[in-house]
Amino acid sequence: MQLYNTLTREKEIFAPMDARNVRMYVCGPTVYDFAHLGNARPVVVFDTLYRLLKLHYPKVTYVRNITDVDDKIMAKAKESGEAIDTITTRTTKAYHDDMASLLALPPDIEPRATAHIPHMLALIAKLIEKGHAYAVDGHVLFNVPSMPNYGELSRRSRDELIAGARVEVAPYKKDAADFVLWKPSTADQVGWDSPYGRGRPGWHIECSAMAKEHLGETFDIHGGGLDLIFPHHENEIAQSRCAHDDAPLAKLWMHNGFLTINNDKMSKSLGNFFTVRDLLAIAPGEALRLALLSAHYRQPLDFSEEALKKAKQTLDGWYGALRNTKDIAFDANVAVPENFMAALDDDLNTPQAFAIIHDLVSQLNKTPDTKTKSALLSAANLIGFLTQDAESWMRGSSSDGLSEEQILALITARKDAKAAKNFAEADRIRKELLDAGIVLEDKANDTLWRRV
Ligand code: AMP
Ligand code: ZN
């Protein structure tokens, strides 16, 4: 398997540190509001990788954290008058539901930042002791010049590093690029007692502490979106390496490209976002998943409702082929086609994998046999597709429009009209159904239907 490593800017042959247990950490959500489709891209991308790793290795430990202490959460609590816990619990639940709708498997471990404050404080104490951090005015800062090889992941110049850290310009900083490990909380802000005064952790130290606790000092893969390379991942590396005698944090760093809208990054701050929740009301999760994986994960992916519609139509074609061959048996012993595996093993080439699924669907339509059907299903299922019953997929959801009973009643009425040679009435019913978004497909001794 070859994967692109952001650290070396090269595709590398993946060789796990311990083939009996592949370890992967992916930065998870800050839980203060519904996830938008951009936030879902890393989830679906790393879910695909997780599924592939699980196929290749006996055990994979996938850790994805929940950031449940953050200034954005505090601001939201202040604005809404709700308790922080109420917001984070509700948002975490919504996140789980939304990601499950996208057919993403849950990670093996989902650590919460607030449950790891002692681990963060221990890491901070170690960094101070080793001369990489200093406490001042209730803050603890990481001293960037104390690490000679700081910046290897993002390869930024010193000026860019300073510009990137400018949000935290403060008189107490020894160096302009220094970043916060701990910051003070006022009496009305959430905080924990510490040797530096009551306060709360910086975002970067959360991941370093949780990764160390659940995966050890060095693990195989660390992932997240492109925007996390700097400063978040660069700073995670600095903290962890400096605390752990320069042991690398992760061997392989993987980053997904941005989901964009008219070529702008989808983001909360630009306001150009669709929540996964809202999109699930207009399309099945599987169509969203297909849309999210339709481009290679390192490429930008421009989203539109048109693209979502196209993904839904593609799935209609795939499920339609399965419905038309429902009498053909599935043989679980038929292996996933080699070219399909090769595509995925080549740095998760999902567009190529979908092209192979397309070919299998065409082949199944032409020559319906067990071998083709089984190859199609085993390939598609591997990456989270075609896991639903074809008949129910084609019938869609009945949240609006005609109910299933009404549709079946109309189909029966049409059949009766035809039997009585009242073809005008039969056509009228077909048209009535079509106007309601129901397409009929007459088979030898049955009429199939689907929503469009
Ligand atoms: P955040 O909650 O903003 O920290 O984002 C959670 C995850 O979503 C991170 O891995 C981000 O890199 C990723 N992410 C946020 N916006 C986008 C986007 N528009 N496209 C792709 N990934 C994104
Ligand atoms: Zn992180």
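How should I be thinking about the site of ligand 1 in this particular structure?
Taken together, the neighbourhood of ligand 1 is formed by 15 residues, with Gly38, Gly225, Asp227, Leu259 and Met266 sitting nearest. In the model, a nitrogen atom of ligand 1 is placed 3.1 Å from a nitrogen or oxygen of the Gly38 main chain. Here Asn39 contributes a side-chain N or O atom positioned 3.3 Å from an oxygen atom of ligand 1. Every element with two or more residues in the shell around ligand 1 is listed here: helix 1 (37–56) and strand 9 (219–225). The biggest single contributor to the shell around ligand 1 is helix 1, with 3 residues. Taken together, the residues that form the shell around ligand 1 break down as 5 nonpolar, 8 polar and 2 charged.

Just checking my understanding: could you explain the coordination of the zinc ion (ligand 2) for this structure?
Ideal geometry at a metal centre: 109.5 degrees between donors when four sit tetrahedrally, and 90 or 180 degrees when six sit octahedrally. Taken together, Cys27 (SG), Cys207 (SG), His232 (NE2) and Glu236 (OE) make up the protein donors of the zinc ion (ligand 2), found 2.0 to 2.5 Å from the metal. Taken together, the 4 donor atoms coordinating the zinc ion (ligand 2) span angles of 74 to 132° at the metal, a pattern that classifies the geometry as irregular. Between consecutive donors of the zinc ion (ligand 2), the numbers of intervening residues give the motif C-x179-C-x24-H-x3-E. One end of the pair, Cys27, is in the loop between strand 3 (22–26) and helix 1; the other, Glu236, is in helix 7 (residues 229–243), and 209 residues separate them in sequence. Across the pair, exposure class does not vary: Cys27 and Glu236 are buried alike.

Which parts of the structure should I look at to understand helix 10 (residues 305–324)?
Think of an α-helix as turning once every 3.6 residues; residues three or four places apart then point the same way. The end-to-end C-alpha distance of helix 10, which contains 20 residues, comes to 28 Å, matching closely the 28 Å that a straight helix rising 1.5 Å per residue would cover. Taken together, the buried positions of helix 10 are Leu308, Ala311, Thr314, Leu315, Asp316, Trp318, Tyr319, Gly320, Ala321, Leu322 and Arg323.

How should the nonpolar core be read in this particular structure?
In a soluble, globular protein the nonpolar side chains are often hidden away together inside. In this structure, Leu37, Leu49 and Leu53 are the most contacted members of the largest nonpolar core, which totals 76 residues. Here this core gets 10 residues from one element, more than from any other, and that element is helix 1. When we break this core down by domain, the ones giving at least three residues each are domain 1 (2–256) and domain 2 (261–394). The contact partners of Leu37, leaving out residues within four places of it in the chain, are Leu259, Met266, Phe274, Val276, Leu279, Leu288, Leu292 and Phe303. Counting residues in hydrophobic clusters, the runner-up holds 41 residues, among them Tyr25, Leu121, Ile229 and Ile237.

Just to check I follow, could you spell out the environment of Asp47 for this structure?
Examined against the element boundaries, Asp47 turns out to sit in helix 1. Excluding residues that lie within four positions of it along the chain, Asp47 makes contacts with Pro42, Leu103, Ala104, Leu105 and Arg289.

Looking at this model, I keep getting lost on the packing of aromatic side chains. Mind explaining?
Applying the stated rule across the entire model yields 9 aromatic pairs. Geometrically, the ring pair formed by Phe142 and Phe179 is stacked, given 5.0 Å between the ring centres and 15° between the ring planes. Taken as a pair, Phe142 in strand 6 (residues 139–142) and Phe179 in strand 7 (residues 179–184) lie far apart in primary sequence, 37 residues in all. Of the residues examined, Phe142 reaches a relative accessible area of 0% and is grouped as buried. Summarising the aromatic geometry, the rings of Phe354 and Phe385 are spaced 5.4 Å apart at their centres and angled 90° between planes, so their arrangement reads as edge-to-face. Residue Phe354 is located in helix 12 (residues 350–366), and its partner Phe385 is located in the loop between helix 13 (370–382) and helix 14 (390–395); the two are separated by 31 residues in the primary sequence.

Rules used throughout
- Position numbers for residues count from 1 along each chain, tracking the sequence in the order it is written.
- Written order determines the labels here, with chains lettered from A and ligands numbered from 1.
- Under the rules for a predicted model, residues below a pLDDT of 70 receive no local features and side-chain atom pairs below 80 are neither given nor counted, while totals for whole chains, interfaces and linings still include all residues.
- Only heavy atoms go into the side-chain values, all of them from the structure, while hydrogens and water stay out.
- Neighbouring residues are identified by heavy atoms, a residue being near a molecule or strand if any of them is within 4 Å of it.
- Two N or O atoms count as a polar contact when they lie within 3.5 Å, although within protein this holds only if one can serve as hydrogen donor and the other as acceptor, and sequence-adjacent residues are included solely when both atoms are side-chain atoms.
- Elements are defined by DSSP. Helices are runs of H or I of four residues or more, strands are runs of E of two residues or more, and each kind is numbered from the N terminus.
- For this classification, the nonpolar set comprises Ala, Val, Leu, Ile, Met, Phe, Trp, Tyr, Cys and Pro, the charged set comprises Asp, Glu, Lys and Arg, and every other residue, Gly included, is treated as polar.
- Ligating atoms shown are N, O and S within 2.8 Å of the metal, or 3.2 Å for Na, K and Ca, and water is not included, meaning a site may look less than complete.
- Angle rules define the geometry names used: all angles between 85 and 135 degrees makes four donors tetrahedral, while opposite donors over 155 degrees apart and all other angles between 65 and 115 make four donors square planar and six octahedral, leaving every other case irregular.
- A 1.4 Å probe rolled over the protein chains alone gives each residue an accessible area, and that area as a share of the maximum for its type sets the label: buried under 20%, exposed over 50%, partly exposed in between.
- In this analysis, the expected span of each helix is defined as 1.5 Å times one less than the number of residues it contains.
- For our purposes a nonpolar core is just a set of buried Ala, Val, Leu, Ile, Met, Phe, Trp, Tyr and Cys residues, chained together by side-chain atoms within 4.5 Å.
- Where each domain begins and ends is defined by an automated method or by a domain database.
- Working rule for contacts: check all heavy atoms of both residues, and any pair within 4.5 Å makes them a contact.
- Within 6.5 Å between ring centres, the rings of Phe, Tyr and Trp (the latter by its six-membered ring) count as paired, and their orientation is classed by plane angle as stacked under 30 degrees, edge-to-face over 60, tilted in between.

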